[in-house]
Amino acid sequence: MLVGLSLLCLAGCGSWQELPVRDNSATSAALRVAVRPQAWSRGDKPGPGIEAGVERVRADDVRTLATGESLTLNGQVISGPGSLPQRADVQVAHVGYTHRLYFGSQFELEPFIGLASVKLRYRATPAGAPGQELSTSRTALIGGITPRLRLNDWAALETRFSIVPFSESDVTGGSIELAAVLTPIPQLALRLGYARRSFATDFRGDPGFTTQLDVHARGPFAALQFEF
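Cut-offs applied
Residues numbered from 1 in each chain as written. Predicted model: local features only at pLDDT ≥ 70, side-chain atom pairs only at ≥ 80, totals over all residues. Heavy atoms only, no water. Phe/Tyr/Trp six-rings, centres within 6.5 Å; stacked < 30°, edge-to-face > 60°. Buried < 20%, exposed > 50% of the residue type's maximum accessible area, 1.4 Å probe, protein only. Lys NZ or Arg CZ within 6 Å of the ring centre and 35° of its normal. Salt bridge = Lys/Arg side-chain N within 4 Å of Asp/Glu carboxyl O. Helix = DSSP H or I, 4+ residues; strand = E, 2+ residues; numbered from the N terminus. Contact = heavy atoms within 4.5 Å. 1 Å grid on protein atoms, 1.4 Å probe; cavity = no way out; pocket = protein on both sides within 12 Å on 5 of 7 lines; lining within 4 Å. Points joined across faces, edges and corners; volume = space filled by probe spheres on them. Nonpolar A, V, L, I, M, F, W, Y, C, P; charged D, E, K, R; others polar.

(A) How the structure looks around the packing of aromatic side chains. Summed over the entire model, instances satisfying the criterion amount to 1 aromatic pair. Centroid distance Phe 103 to Phe 107: 6.1 Å. Interplanar angle 50 degrees. Geometry classified as tilted. The exposure class assigned to Phe 103 is partly exposed, which follows from its relative accessible area of 47%. We classify Phe 107 as partly exposed; its relative accessible area is 34%. Over the face of the ring belonging to Phe 221 we find Arg 197, whose NZ or CZ atom lies 5.9 Å from the ring centre.

The following block contains the structure:
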């Protein structure tokens, strides 16, 4: 539906265009630090804490422009037919409250909520013309939850869901991480697995144009988490 609206606007009023970037082999990385003072916990298992972290993904794609199809980026008109290499970089830094909940000796739930700084950058490199770049940085709410199954003191399996809630003309999106967790020492966890991240935002840099960037990236990821 969005593609149809995009083509309709391009053919008519020219006020709306969409920049979809899809990468099914994008690698991503994350670094997180959680501080859980033992004094906050009523038992010997740490519960509440403050988590800060950053995650980053780069998605590469090649868009095919059909005959008569065009894009306008920073005042430059890119017309088909032809191929348009694209790259999108997404960085999400957050800080918030987290709380680890225990259900027996093996299953845990860990919700979190806080504020995030979301940075998105898009670059198109048309053949025989200067590359064009769009970028934005927004602050938004972020929340999520991590179900975790502990296999033993050294290993676990988990799924981390995070979401930046919908807000008109703002950054929206989220991610899903499926990971095997290795904990060589209690203060350090290494997460290895597969992640899917999706983010979207609007740009209004060109007069009369609204450009929507829509990034979908999935592939292997690695994350380090420190606990204090």
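(B) Spotlight on the pattern of salt bridges. For the structure shown, the criterion picks out 21 salt bridges. With a shortest N-O distance of 2.9 Å, Arg 32 and Glu 177 are connected by a salt bridge. Residue Arg 32 is found in strand β2 (residues 28-35), and its partner Glu 177 is found in strand β11 (residues 172-185); the two are separated by 145 residues along the sequence. With a relative accessible area of 2%, Glu 177 lands in the buried category.

(C) Examining the environment of Leu 190 more closely. On the secondary structure map, Leu 190 appears in strand β12 (residues 188-203). Ignoring sequence-local partners within four residues, the contact set of Leu 190 consists of Ala 180, Val 181, Leu 182, Ala 223 and Leu 224.

(D) Spatial organisation of empty space enclosed by the protein. This model, assessed by the stated rule, comprises 4 cavities of 30 Å³ or more. Approximately 60 Å³ is the volume found for the largest cavity. If you go around the largest cavity, the residues you meet are Glu 55, Val 92, His 94, Phe 112, Ile 142, Arg 160, Ser 162, Ile 163, Val 164, Gly 174, Ser 175 and Phe 199. Where the lining of the largest cavity is concerned, the elements lending two or more residues are β6 (82-99), β10 (155-164) and β11. The greatest single-element share of the lining of the largest cavity, amounting to 4 residues, is contributed by β10. Residue composition of the lining of the largest cavity, by class: 6 nonpolar, 4 polar and 2 charged. As a volume, the second largest cavity reaches approximately 50 Å³. For the second largest cavity, the full set of lining residues is Glu 51, Glu 110, Thr 146, Arg 148, Glu 158, Arg 160, Arg 191 and Gln 225. Listing elements by their share of the lining of the second largest cavity, those giving two or more residues are β9 (132-150) and β10. For the lining of the second largest cavity, the class distribution of residues is no nonpolar, 2 polar and 6 charged.

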